[in-house]
Amino acid sequence: MKKIGILTGGGDCPGLNPVIRAVVRKGLVEGYEILGIKNGWKGLIENNTMPLSLDSVSGILPKGGTILGTSRTNPYKKSGELEKTKENFKKLGLHALIAVGGEDTLGAAAKLVKDGIPNIVGVPKTIDNDLSCTDYTFGFDTALNTAMDCIDRLHTTAESHHRIIVVEVMGRHAGWIAVEAGVAGGADVILIPEIPADIDEVCAILKNRHRRGKTFSIVVVAEGTQLKAKDLVTQEERLDEFGHVRLGGIGEILAGEIEKRTGFETRVSVLGHIQRGGSPTAFDRILGTRFGVKAIELVKDNKFGRMVALTGNKIIDVPLEEAVRALKTVDMELYEIAKVFFG
Ligand code: F6P
């Protein structure tokens, strides 16, 4: 019986459990043994695993997070960990590995394919929806709906209290959540990492809105948004233990500047990890399920170094390397549509 390992790495998101369930269900049908590797690449480095059976995936479809646990560990970051990863892959007797993750996890997977573990298949996950070669990553739809719901809720307070509310959403390099939740939630201004924000322009839009009798506004800002150089405020850049910039703070800065420059009472709401939690939407459950089944099919067909992907409504596979080469940023045609509703 060939053994297949599965790991989930990077930020957790709704839809991971449906993928694990689908890999186990389809894998068992195809006669494979499935081994869960705990906490992403960390589990392979530390040889920390759990067997996965029909029983272990029963009832997990509607649950957020991942039963395998996750981490931001990347085997290429610390010396010695790459060797450990390769060593343990062999020790565990794995025929193949299914790596479920975003740019960082799949970036490591793409390198490992060349560096000694060729039998890897990738599955694209991230609420940020910023992986290339796939129309959607699972997790995004749930986060988007959560953010939209929060915007709806914040609207009532903004309107009743005649306030401006700045809603900071996730989105490190790409503003997909901001632009789509902003359009769906009727935001009056949407700021994304792809376009440096001009606070004067934002204030002009808000003042104009007030002039036409609207005493409240919703400004949606993605956490990775930068300010134009002429704006004399800076963002603090903290690093987490894996060297990633820890974002958050742009909403606060923006709210302060808007209040100072317009005189309108302005509050901020940072949605943060709320967007990563909760039960996956039907879209994410179905996408995760289709991705998981396809991942096993790729293993069966010996199509390694590939990532499952969605194009239109078809599940396809693409070279892993190509998928992690560049991030998929917001479609500017979509942003132009969003701008029609500014102010
Ligand atoms: O990668 C998904 C994501 O949620 C980003 O939107 C965000 O910048 C980051 O993870 C936050 O990561 P952490 O939970 O490790 O702080």
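Preceding this paragraph is the structure being described.
A brief report on the enclosed structure follows. What you see is a predicted model, and the numbers here were worked out from it, not measured in a lab. (Residues numbered from 1 in each chain as written. Predicted model: local features only at pLDDT ≥ 70, side-chain atom pairs only at ≥ 80, totals over all residues. Heavy atoms only, no water.)

Looking now at the overall build of the protein chain. A tally of regular secondary structure across the protein chain gives 11 helices and 13 strands. Expected size for 343 residues packed as a compact globule is a radius of gyration near 20 Å; at 22 Å, the protein chain falls within 12% of this value. Dimensions of the protein chain, computed from C-alpha atoms along their principal axes, come out at roughly 70 × 40 × 30 Å. When the 343 residues of the protein chain are sorted by exposure, 53% land in the buried category. In the protein chain, the share of contacts with a sequence separation of at least 24, taken over all contacts with a separation of at least 6, comes to 76%. Of the roughly 14,600 Å² that the protein chain leaves accessible, carbon and sulfur atoms contribute 51%. (Helix = DSSP H or I, 4+ residues; strand = E, 2+ residues; numbered from the N terminus. Rg over C-alpha atoms; globule rule 2.2 N^0.38 Å. Buried < 20%, exposed > 50% of the residue type's maximum accessible area, 1.4 Å probe, protein only. Contact = heavy atoms within 4.5 Å. Areas by Shrake-Rupley, 256 points an atom, 1.4 Å probe, with all protein chains shown as cover.)

Most of strand S4 (residues 94-101) sits out of view: 8 of its 8 residues are buried. Here strand S1 (residues 3-8) pairs with S4 via 6 bridges, running parallel. Each bridged residue has a counterpart across the sheet, and for Leu7 the counterpart in S4 is Ala99. Taken together, the 5 bridges between S4 and strand S5 (residues 120-124) define a ladder with parallel strand orientation. Note that in S5 the partner of Ile98 across the bridge is Val121. After leaving S4, the chain enters helix H4 (residues 103-115) and then returns to the sheet as S5, a path that is right-handed. (Pairing = 2+ DSSP bridges. Right-handed = clockwise from strand over helix to strand, strands pointing away.)

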